[in-house]
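Descriptive analysis of the structure
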Amino acid sequence: MKNKSALVTGITGQDGAYLAKLLLDKGYAVHGLHARRSTDTLWRLRELGIANEVNLIEGDLTDLSSTIRSMEQSRADEVYNLGAQSFVGTSWGQPVLTANVTGVGALNVLEAVRIVNPKARFYQASTSEMFGLIQEAMQSETTPFYPRSPYGVAKLYAHWMTVNYRESFGLHASSGILFNHESPLRGIEFVTRKVTDAVSRIKQGQQKELRLGNIDAKRDWGFAGDYVEAMWLMLQQEVADDYVVATGQTTTVRDMCRIAFAHVGLNHEDHVVIDPKFYRPAEVEVLLGNPAKAKAKLGWTASTDLQTLITMMVDADMRRVSKE
Ligand code: NAP
Ligand code: G4F
């Protein structure tokens, strides 16, 4: 039997790298839509030792001919749309770019699937940011959405287009409504990695303070390595559907800092400085997911708690900083 083929947009990102590794380990031929940049973006694939095992197809999510060509070249049975302008903070400064990449980009991939191979299964990287100003204490697949950033609004458009293509054209199109997930491969602009990098630099005498915004915000943080498994499981189901993927625990940024600093014997209160520059025009104060459906239907549960996740990230950054 022929090996399955997968196309991953956003393959150079945190989730793209972990998902590519998971798919390669399962015997898939893995293709990635790769946006041209003037700097090196393959470091995550190299860290996982798979940079030479994936086939990169040059193209951009905002360009329909790119997504059609990547579908044709990859002959994909499964398509994972992970590409996005994914940093919430940037989305106020670049709302139109965010709408084009994160919103219309998903439509370009759906169109490519519909035109080239409507039998291919499609995964959309939806997000808990769509819940924004939360309408229920614990958010599930039936909780009403109320996005609070141009990023959240763009993701909601992509989410509903996924539902619409499923209902209009019968595509096997699923959305994973994933809550925050982190790892040593997380981008440095996101708060967990910003903290674990700073903790390592402070411990090794390269930095004195860490400037942060709203440390009372609460997030439901899990490990990206666990979450890509849920993406794959969604596309193995007979019927396409939408799923919340979360740990069911929420923690303040302040307590996450406490864990990170304590791991190297430091007190966060001696180093964290609040800087209004990092406050957002509209904040998502708290997110807490209910993963009951993913557990019941996919047999998926998060296997990494926050303490384990943050200490894993600090250890990785301590090694990186000491090698610099
Ligand atoms: P990430 O690390 O920021 O990766 C984003 C990827 O998108 C990168 O590979 C990036 O390529 C690519 N990309 C950006 N603009 C593009 C364009 N115009 N054309 C083609 N590719 C483009 O994000 P992540 O954390 O892995 O998240 C993966 C997906 O899940 C994203 O859609 C994100 O919005 C969503 N999500 C993430 C979380 C989370 O907590 N991590 C939670 C819910 C949903 P370059 O490397 O070249 O920039
Ligand atoms: O780490 P963050 O930037 O992640 P955020 O905004 O929750 O978004 C991430 O998770 C979403 C899923 O819910 C994804 F869809 C999205 O793509 C991304 O991966 O910020 C987390 C919290 C926020 O409340 C923010 O205001 O941390 C607060 N925070 C406080 N100080 C900070 C900082 N965030 C950042 N990035 N930098 C700070 O200095």
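We now turn to the structure provided with this report. (Residues numbered from 1 in each chain as written. Chains lettered and ligands numbered in written order. Predicted model: local features only at pLDDT ≥ 70, side-chain atom pairs only at ≥ 80, totals over all residues. Heavy atoms only, no water.)

What to know about the site of ligand 1
In the neighbourhood of ligand 1, 25 residues make up the surrounding shell, with Thr12, Asp15, Ser86, Tyr151 and Lys155 lying closest. The backbone of Ala84 places a nitrogen or oxygen atom 3.1 Å from an oxygen atom of ligand 1. Arg186 places a polar side-chain atom, nitrogen or oxygen, 3.2 Å from a nitrogen atom of ligand 1. If ligand 1 stood free it would expose 900 Å²; the protein chains cover 88% of that surface. Those elements giving two or more residues to the shell around ligand 1 turn out to be α1 (14–25), β5 (121–127) and α6 (150–169). Considering every element that reaches the shell around ligand 1, the biggest residue donor is β5, with 3 residues. (Near = heavy atom within 4 Å. Polar contact = N/O pair within 3.5 Å; in protein donor to acceptor, adjacent residues only side chain to side chain. Areas by Shrake-Rupley, 256 points an atom, 1.4 Å probe, with all protein chains shown as cover. Helix = DSSP H or I, 4+ residues; strand = E, 2+ residues; numbered from the N terminus.)

Topic: the environment of Tyr227
The topology assignment puts Tyr227 in helix α8 (residues 224–235). Sequence separation between Tyr227 and Thr247 is 20 residues; the distance between their C-alpha atoms is 10.0 Å. If near-sequence neighbours (up to four positions away) are discounted, Tyr227 is found in contact with Leu178, Phe179, Asn180, His181, Asp220, Trp221, Gly222, Val245, Ala246, Thr247, Trp300 and Ala302. (Contact = heavy atoms within 4.5 Å.)

Focus: the site of ligand 2
Close contacts around ligand 2 come from 23 residues, with Thr127, Ser128, Tyr151, Arg280 and Glu283 the closest. Measuring from an oxygen atom of ligand 2, one finds a side-chain N or O atom of Arg219 at 2.8 Å. Against a free-state accessible area of 720 Å², the protein chains account for coverage of 95% of ligand 2. In the shell around ligand 2, the residues fall into 10 nonpolar, 6 polar and 7 charged. Two domains share the shell around ligand 2, each providing at least three of its residues, namely domain 1 (5–181 + 223–245) and domain 2 (187–219 + 249–286 + 304–323). (Nonpolar A, V, L, I, M, F, W, Y, C, P; charged D, E, K, R; others polar. Domains from an automatic or database assignment.)

Quick notes on the pairing of strand β6 (residues 172–178)
Of all 7 residues making up β6, 7 are buried, and the element is well covered by its neighbours. On β6, burial covers both faces: His172, Ser174, Gly176 and Leu178 on one face and Ala173, Ser175 and Ile177 on the other are all buried. Pairing geometry for β5 and β6, over 7 bridges, is parallel. Bridge assignment links Phe122 to a residue of β6, and that residue is Ala173. Crossover β5 to β6 through α6 is right-handed. (Buried < 20%, exposed > 50% of the residue type's maximum accessible area, 1.4 Å probe, protein only. Pairing = 2+ DSSP bridges. Right-handed = clockwise from strand over helix to strand, strands pointing away.)

Topic: unusual backbone geometry
Positive phi values are uncommon outside glycine, yet Arg75 reaches one of about 50°. Positionally, Arg75 belongs in the loop between α3 (64–74) and β4 (78–81).

So, the packing of helix α9 (residues 253–263) against helix α11 (residues 306–323)
Axis separation between α9 and α11 bottoms out at 9 Å; the angle between their running directions is 50°. One finds that α9 runs oblique with respect to α11. Crossing handedness for the pair α9 and α11: right-handed. The residues of α11 that touch α9, namely those facing Met256, Ile259, Ala260 and His263, are Leu306, Gln307, Ile310, Thr311, Val314 and Asp315. The class makeup of the residues in the contact of α9 with α11 is 6 nonpolar, 3 polar and 1 charged. (Axes fitted to C-alpha atoms, helices over the stretch in contact; angles between N-to-C directions. Parallel < 35°, antiparallel > 145°, perpendicular 65-115°, else oblique. Left-handed = near helix turned anticlockwise from the far one by under 90°.)

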